[in-house]
Amino acid sequence: ERDILNKNVLKAVGATEKQLNLVKLHEQSKKVLDQEIQNYNLEAQKQRKIIFHLEKERDRYINEASDLTQKVLQYMEDIKVFEMQNFDFKKKISEAESKLKQQQNLYEAVRCDRNLYSKNLIEAQDEIAEMKRKLKIMHHHIDQLKDEIGS
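Remember, it's a predicted structure, so these values are computed and weren't measured experimentally. (Residues numbered from 1 in each chain as written. Predicted model: local features only at pLDDT ≥ 70, side-chain atom pairs only at ≥ 80, totals over all residues. Heavy atoms only, no water.)

## Thoughts on the overall build of the protein
Stage number 1. For the protein, the count of helices and strands is 1 helix and 0 strands.
Stage number 2. Relative to the 2.2 N^0.38 estimate, which gives 15 Å for 151 residues, the radius of gyration of the protein is 63 Å and therefore markedly larger than a compact globule would have.
Stage number 3. Taking the principal axes of the C-alpha coordinates as reference, the protein spans close to 215 × 20 × 15 Å.
Stage number 4. The proportion of buried residues among the 151 residues of the protein is 0%.
Stage number 5. Carbon and sulfur atoms form 59% of the exposed surface of the protein, whose accessible area is close to 14900 Å².
Stage number 6. Here the protein carries 28 positive and 27 negative side-chain charges, and the mean point of each set is 8 Å from the other. (Helix = DSSP H or I, 4+ residues; strand = E, 2+ residues; numbered from the N terminus. Rg over C-alpha atoms; globule rule 2.2 N^0.38 Å. Buried < 20%, exposed > 50% of the residue type's maximum accessible area, 1.4 Å probe, protein only. Areas by Shrake-Rupley, 256 points an atom, 1.4 Å probe, with all protein chains shown as cover. Lys, Arg positive; Asp, Glu negative; His and termini not counted. Charge placed at Lys NZ, Arg CZ, Asp CG, Glu CD.)

## Some thoughts on the pattern of salt bridges
Stage number 1. Summed over the entire model, instances satisfying the criterion amount to 4 salt bridges.
Stage number 2. As a salt-bridge pair, Asp59 and Arg58 come within 3.3 Å of each other at their nearest N and O atoms.
Stage number 3. With relative accessibility at 46%, the residue Arg58 sits in the partly exposed group.
Stage number 4. In this structure, Glu77 and Lys80 form a salt bridge, with 3.9 Å as the shortest nitrogen-oxygen distance. In this pair, Glu77 and Lys80 both sit in helix α1 (residues 2-150), 3 residues apart, roughly one turn of the helix.
Stage number 5. With a relative accessible area of 43%, Glu77 lands in the partly exposed category. (Salt bridge = Lys/Arg side-chain N within 4 Å of Asp/Glu carboxyl O.)

## As for the packing of aromatic side chains
Stage number 1. Across all of its chains, the model carries 0 aromatic pairs by this definition.
Stage number 2. Directly above the ring of Tyr61 sits Arg60, whose terminal nitrogen or CZ lies 4.7 Å from the centroid. (Phe/Tyr/Trp six-rings, centres within 6.5 Å; stacked < 30°, edge-to-face > 60°. Lys NZ or Arg CZ within 6 Å of the ring centre and 35° of its normal.)

## Considering a nonpolar patch on the surface
Stage number 1. Residues Val72, Leu73 and Met76 make up a contiguous nonpolar surface patch of roughly 270 Å² in combined accessible area.
Stage number 2. Turning to its location among the elements, Leu73 is positioned in helix α1. (Patch = residues over 30% accessible without salt bridge, like charges linked within 9 Å, V, L, I, M, F, W, Y side chains within 5 Å.)

## Examining the environment of His26
Stage number 1. With respect to the element layout, His26 can be found in helix α1.
Stage number 2. The exposure class assigned to His26 is exposed, which follows from its relative accessible area of 53%.
Stage number 3. Spatially, the C-alpha atoms of His26 and Lys56 are 44 Å apart, while their sequence positions differ by 30 residues.

## Topic: the environment of Val81
Stage number 1. With respect to the element layout, Val81 can be found in helix α1.
Stage number 2. As for Val81 and Lys7, which are separated by 74 residues in sequence, their C-alpha atoms are 107 Å apart.

Structure below.
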């Protein structure tokens, strides 16, 4: 019976040692897992910070894009206004060029009339000079005839 008890004690001691080894192994595993959990929690916290900063940056870029879109729309409106002004200026230039052509045509007509009247004036002056010369000759001839009659 003693052998059996010794055997049982040895078995119990072996089982206890086995159980103690298992407990140590589980405690080590628990420490490793706790450390991994802590590392994962730290990593998760870092990731949350990164996500927070990325979301802030995303919002900033969204606002910036919105502002730039507004500026682009404003510039497009400004361009439309400038194009309309440009069209109006071109229309005024066209009207002014048309008026200039009309004035040039009137000027040419007046110049032609002036040249014609100037030519007619010169011809009339020449005729007057010729008539005065003939009148002088006639007066001279009349004076000669008077002299002849008187003598």
